[in-house]
Amino acid sequence: MSFLQKLISGVTRLNDVIGRWIALLVFVMSALLLLEVVCRYLLNSPTVWTSELTQFVFGVYAIMAGGYVMAHKGHVNVDLLYSRFSVRTQAIIDVFTSVLFYIFILAFLYFASSMAWESFQGQETTYSAWNPPVWPVKAFMPLAIGLVLLQGTVKLLRDIAVAINPDNARVLKDSIDDGTEEPH
């Protein structure tokens with residue numbers, strides 16, 4: 001297996017594993033909300049922290065899913081004409097449009113890192129009755145964006161390889177799929 005294929009597979013597998021673990025946070029959120037309902041309506045003793053903690057867990061869940069969604073080609077895609085093009089033409093288009101991806105993701109990474117660092121330095125809290133720190137949640141933003149950046153980079157590398165030689169489409173996989181999609 002070539003170095004490029006190992007890199008692509010490794011990053012894609014990393015995002016897949018992280019995404020599958022992050023998906024389990026749905027059960028944590030459900031348990032927290034169920035706990036709140038039980039405490040509020042059965043024990044007549046509502047909590048001050050379950051709703052806010054659920055929001056924090058959901059925030060981590062939502063941002064950490066980006067790399068997984070990209071690895072599974074789950075992001076919104078308008079492909080009225082794109083799907084009719086050959087694999088090589090699609091790769092060439094993707095190489096050119098990756099410029100937009102990098103502008104967005106690098107700006108997002110810069111601002112998210114700055115926001116997370118400022119939150120950590122200032123020991124930012126929510127100023128609610130519970131008043132938990134916010135920086136641990138914000139620290140996930142640069143990590144999540146980094147995972148999307150990695151997945152986008154291996155996609156770009158694959159697209160370049162396919163643009164050069166369309167036969168690479170069969171060898172280099174940049175996403176998790178069931179193998180039913182055939183090259184054009």
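Since we're looking at a predicted model, the values are computed, not measured.

Conventions we followed
- Residues numbered from 1 in each chain as written.
- Predicted model: local features only at pLDDT ≥ 70, side-chain atom pairs only at ≥ 80, totals over all residues.
- Heavy atoms only, no water.
- Helix = DSSP H or I, 4+ residues; strand = E, 2+ residues; numbered from the N terminus.
- Buried < 20%, exposed > 50% of the residue type's maximum accessible area, 1.4 Å probe, protein only.
- Salt bridge = Lys/Arg side-chain N within 4 Å of Asp/Glu carboxyl O.
- Phe/Tyr/Trp six-rings, centres within 6.5 Å; stacked < 30°, edge-to-face > 60°.
- Core = buried A, V, L, I, M, F, W, Y, C linked by side-chain atoms within 4.5 Å.
- Contact = heavy atoms within 4.5 Å.
- Patch = residues over 30% accessible without salt bridge, like charges linked within 9 Å, V, L, I, M, F, W, Y side chains within 5 Å.
- Areas by Shrake-Rupley, 256 points an atom, 1.4 Å probe, with all protein chains shown as cover.
- UniProt positions renumbered as here; feature names shortened; annotations may be inferred.

> Now, about the overall build of the protein chain: what can you tell me, with residues and values included?
Along the backbone of the protein chain there are eight helices and zero strands. When the helices and strands of the protein chain are read in sequence order from the N terminus, they spell out α-α-α-α-α-α-α-α. If you line up the protein chain on its principal axes, its C-alpha atoms span 65 × 35 × 35 Å. Across the 184 residues in the protein chain, those meeting the buried criterion constitute 34%.

> Now, about the pattern of salt bridges: what can you tell me, with residues and values included?
A complete count under the given rule lists seven salt bridges for this structure. Across the pair arginine 20 and aspartate 16 runs a salt bridge whose closest N-O atoms are separated by 3.0 Å. Of the two residues, arginine 20 and aspartate 16 are both situated in helix H1 (residues 3-23); the distance of four residues between them amounts to about one turn of the helix. Among the residues examined, arginine 20 registers a relative accessible area of 48% and is labelled partly exposed. Note on aspartate 16: relative accessible area 11%, which makes it buried. Two residues, glutamate 124 and lysine 138, come together in a salt bridge whose shortest N-O distance is 2.9 Å. With a gap of 14 residues between them, glutamate 124 in the loop between helix H5 (87-121) and helix H6 (135-138) and lysine 138 in helix H6 connect regions that are remote in the sequence. Residues joined in a network through salt bridges with shared partners are Asp94, Lys155, Arg158 and Asp159.

> Mind laying out the packing of aromatic side chains, listing which residues take part and the relevant values?
Counting across every chain of the model gives six aromatic pairs. Measuring from ring centre to ring centre gives 5.5 Å for phenylalanine 104 and phenylalanine 108, while their planes differ by 40 degrees; the resulting arrangement is tilted. Of this pair, phenylalanine 104 and phenylalanine 108 both sit in helix H5, four residues apart, which is roughly one turn of the helix. Owing to a relative accessible area of 53%, phenylalanine 104 belongs among the exposed residues under this scheme. Through a chain of ring-to-ring contacts, three or more aromatic side chains come together here, namely Trp117, Phe120 and Trp135.

> Tell me what's going on with the nonpolar core, and back it up with residues and numbers.
Judged by nonpolar contacts, Met70, Phe101, Tyr102, Ile105, Ala112, Met141, Ile145, Val148, Leu149 and Leu156 together constitute the single largest core of ten residues. Secondary-structure elements contributing two or more residues to this core are H5 and helix H7 (140-164). Ranked by the residues each element gives to this core, the list is headed by H7, at five residues. When neighbours within four sequence positions are excluded, valine 148 is seen to be in contact with Gly66, Gly67, Met70, Phe101 and Ile105.

> Tell me what's going on with the environment of valine 57, and back it up with residues and numbers.
Its place among the elements puts valine 57 in helix H3 (residues 50-64). Ignoring sequence-local partners within four residues, the contact set of valine 57 consists of Leu25, Val28, Met29 and Leu32.

> Requested: an account of the side chain of glutamine 90, with residues and values cited.
Its place among the elements puts glutamine 90 in helix H5. Relative accessible area serves as the criterion here: at 13%, glutamine 90 is assigned to the buried category.

> How would you explain a nonpolar patch on the surface if you had to name every residue and give the values?
Taken together, the side chains of Val17, Trp21, Leu24 and Phe27 make up a nonpolar region of the molecular surface, amounting to roughly 470 Å² of accessible area. Tracing the sequence through the fold places valine 17 in helix H1.

> Outline the UniProt feature "transmembrane region" (unreviewed entry) in the protein chain, supporting the account with residue identities and numerical values.
Sequence positions flagged by UniProt for "transmembrane region" (unreviewed entry) are, in local numbering, residues 21-43, 55-71, 91-113 and 133-150. In the segment residues 55-71, helix accounts for 94% and strand for 0%; the C-alpha atoms at its two ends are 25 Å apart. Taken end to end, residues 133-150 is 83% helix and 0% strand, and its two terminal C-alpha atoms sit 29 Å from one another.

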